[in-house]
Amino acid sequence: MRFTSEQRLDDGVLEREFLLGDIPGILWTPEAASACDPVPLILLGHPTLGLGRMYPRLLDRARYSAAQGFATATVELPGCGVRPALPALDEARADLRRAMQAGGPVTDGMIDALVLPLVDQAVPEWQSALDACLALPEIGGPVAYSGGVISIGIRLAVVEPRIVAAGLFAGSLVPRVMFDEARRVTIPLHVLLQWDDEGNDRQASLDLFDAFGSEEKSLNANMGGHTGVPQHAGEAAAQFFTRHLKPSGPSVP
């Protein structure tokens, strides 16, 4: 991890941009984080729109998490933002867009071509970012994953033992093979579902939630479209992360 910029925000949060090899990322740490008082970490997932476009929303999530005493980190996804394009993913995305605009069926093959290569490449990159973050003296774990492409979250929950809890956003297209992986997920889950999300198959989201093997899993469903997530849904997610990343801390009402 090589830091390329650093700034202290007005609320005391330290924001550092970094490169992990040639992969850009951002790390936010609370003002109080230090080697003497290391903090837990939340990996901030995001959709395939690029860090540049997602930055305002990621920053809001990072500030909110810092106020709860958590560091947060994110990395650019393969083929997104300033990273080199991946022609196969671009073609799969274009095929899906054409099918949806024409009102035609979205086939399993289209979903697999779009999502599975992204998951296969992105998950090891997230694990490398986790290695680098946990090597910093001010970050001590435990670790959670929050949001983004739900299939990436599922794979990370299966293969990465350092992640102890995950908050997932329902709504991205999910390959059928990921349902099998979901059955292997055992960590606590908090899943957010917008009931009227225009780009989401609600029943598929409910089926996926049912498939998760976790003994502790909660579904926070709210009326409204994709961008209409109510503030109290974010507060419920914060309570979930506090419960699992700070189990010895004060109870959350």
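Preceding block: the structure.
Overview of the structure. (Residues numbered from 1 in each chain as written. Predicted model: local features only at pLDDT ≥ 70, side-chain atom pairs only at ≥ 80, totals over all residues. Heavy atoms only, no water.)

Here we look at the sheet that holds strand E1 (residues 2–8)
Put simply, the test is: Two strands pair under a simple rule: DSSP has to find at least two bridges between them. Secondary structure elements follow DSSP: runs of H or I no shorter than four residues count as helices, runs of E no shorter than two count as strands, and numbering proceeds from the N terminus. To get an axis, a line is fitted to the C-alpha atoms, and for a helix only the part in contact is used. The angle between two axes follows their N-to-C directions and goes from 0 to 180 degrees. In what follows, a contact means two residues having at least one pair of non-hydrogen atoms within 4.5 Å.
The 9 strands lie next to each other as E1-E2-E3-E5-E4-E6-E7-E8-E9, forming an open sheet whose pairing is mixed. Where the open sheet ends on each side, the last strands, each with one partner, are E1 and strand E9 (217–222). The average undirected angle you get between the axes of adjacent strands in this sheet is 20°. Bridge count between strand E6 (residues 139–147) and strand E7 (residues 163–169): 4 bridges; the pairing is parallel. Within E7, the position partnered with Val-143 by the bridge is Ile-163. Along the sheet, helix H6 (residues 202–211) contacts strand E8 (189–194) and E9; its crossing angle with E9, the most-contacted strand, is approximately 165°.

Observations regarding the pairing of strand E2 (residues 14–20)
Put simply, the rule is: Here the term buried applies to any residue with accessible area under 20% of the maximum for its type, exposed to any over 50%, and partly exposed to those in between, with areas from a 1.4 Å probe on protein chains only.
The element E2 is extensively covered by neighbouring structure, given that 5 of its 7 residues are classed as buried. Alignment of E1 against E2, held across 6 bridges, turns out to be antiparallel. Counted as the bridge partner of Arg-8 is Leu-14 from E2. The antiparallel pairing of E1 with E2 creates a hairpin that spans 5 residues between the two strands, and Gly-12 there sits at a positive phi of about 90°. Pairing between E2 and strand E3 (residues 23–29): 7 bridges, direction antiparallel. Paired with Leu-14 across the strands is Thr-29, a residue of E3.

Functional significance is not addressed by these values, which are geometric in nature.
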